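The residues making up each chain are set out below.
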Amino acid sequence: MPRLALTSARCQLTALLLGLCLVVSGVPTRAEVPPDGFEAGGSVRVAKVLDGVSLELEDGRILRLDGLQAPSIPPWYKKQAIWPPSGKARVALGKLVQDETLQLSFDQRRSDRHNRILAQVTDSQGRWLQGELLRRGLARVEGAPDNRAALGEMLALEAAARDAGRGLWAHPYYAVRRHDALEGNLGQFQLVEGRVLKVAVVGGRAYLNFGEDWRSDFTLVIDPAQRRRFEAAGFEAAQYEGRRVRARGWLEFRNGVTINITHPEQIEVLE
């Protein structure tokens, strides 16, 4: 898997279960239906497209494409017109679901805190909607600790689109940030690259520090419960020390800019 360190047996098995086809360039393009390894969730039809990753169903429920984040709008964008990347994602999703009966497949968690359905979604021809949006560069991966089964494949699709500069990846707002150049990005979902200089575990909480001064440097924080989840999946916090990584998540301020890490796929080892 190019540029990714997600080589665990689980990710390899998921790639087989999802049945991703590969074109000559090595870019995954679609999945067979339904994706094995998930629990079948029945079929639904769409009444309305709400945004680039959310749909209102004919029965009134809201469906969110699990593992995706629609193109976020920069805080400085004050125009009344729709933010172009958001508009493109919404239009593309609308075309994908138009006149379609969609098949839902569930990972461990079936709904979010807003009671929206969380599912992997395929259409009647076997096209995997999450994969298609990522392949076109119209969404980013935002995983969750309970729903990880497809994240390896989703990250690979995102990486291929990013390397090709497709969709939102052609816009500077979505560029991968340097760990020491995050001013003005607090409260935003970002991808951040840098080298982990030191890993410290204090009170069961792991801190991956990217600078010499932990009071002000960029840090990835793994809380005790999530650290146990890492260890159960075969990941130790200490293994990241000295490694160049790409992390993703919401930027907060806690003795410098931090990202709270809840699952291993948030950290991709680059070298």
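Residues numbered from 1 in each chain as written. Predicted model: local features only at pLDDT ≥ 70, side-chain atom pairs only at ≥ 80, totals over all residues. Heavy atoms only, no water.

**Student:** An account of the pairing of strand 12 (residues 219–222) is requested, with residue identities and associated values reported.
**Tutor:** Residues Thr-219 and Val-221 line one face of strand 12 and the alternating positions Leu-220 and Ile-222 line the opposite face, and both faces are buried. Two strands pair when backbone bridges link them, and strand 11 (residues 205–209) and strand 12 are joined in this way by four bridges, in the antiparallel orientation. Bridged to Asn-209 within strand 12 is Thr-219. Across three bridges, strand 12 lies against strand 14 (residues 257–260) in parallel orientation. Bridge assignment links Val-221 to a residue of strand 14, and that residue is Asn-260. (Buried < 20%, exposed > 50% of the residue type's maximum accessible area, 1.4 Å probe, protein only. Helix = DSSP H or I, 4+ residues; strand = E, 2+ residues; numbered from the N terminus. Pairing = 2+ DSSP bridges.)

**Student:** Tell me about helix 4 (residues 151–164), and please be specific about residues and values.
**Tutor:** If you check helix 4, its first and last C-alpha atoms are 20 Å apart, about what 14 residues at 1.5 Å a residue would give, namely 20 Å. The buried fraction of helix 4 amounts to 12 of the 14 residues, a majority that puts the element mostly inside the structure. Buried residues of helix 4: Leu-151, Gly-152, Glu-153, Met-154, Leu-155, Ala-156, Leu-157, Glu-158, Ala-159, Ala-160, Ala-161 and Arg-162, and no others. The first or second residue beyond helix 4 is Gly-165, which carries a positive phi of 70 degrees. (Expected span 1.5 Å × (residues − 1).)

**Student:** Before we move on, could you go through the packing of aromatic side chains and cite the residues and values that matter?
**Tutor:** What the rule picks out here adds up to eight aromatic pairs. Ring centres 5.7 Å apart and planes at 70 degrees place the aromatic pair Phe-189 and Trp-250 in the edge-to-face group. Of this pair, Phe-189 sits in strand 9 (residues 189–195) while Trp-250 sits in strand 13 (residues 244–253), and the two are 61 residues apart along the sequence. Since its relative accessible area comes to 41%, Trp-250 is described here as partly exposed. Geometrically, the ring pair formed by Phe-210 and Phe-218 is tilted, given 4.9 Å between the ring centres and 55 degrees between the ring planes. In this structure, Phe-210 and Phe-218 share a single accessibility class: buried. Within the aromatic cluster, the residues linked to one another by ring pairs are Trp-76, Tyr-77, Trp-83, Tyr-173 and Tyr-174. A cation sits over an aromatic face here: Arg-162 above Trp-169, 5.3 Å from the ring centre. (Phe/Tyr/Trp six-rings, centres within 6.5 Å; stacked < 30°, edge-to-face > 60°. Lys NZ or Arg CZ within 6 Å of the ring centre and 35° of its normal.)

**Student:** Describe unusual backbone geometry, listing the residues and the values that go with them.
**Tutor:** In this structure, Asn-115 is a non-glycine residue whose phi angle is positive, near 65 degrees. You can call Asn-115 exposed: its relative accessible area is 65%. A positive phi angle, near 55 degrees, is found at Asn-255, a position not held by glycine.

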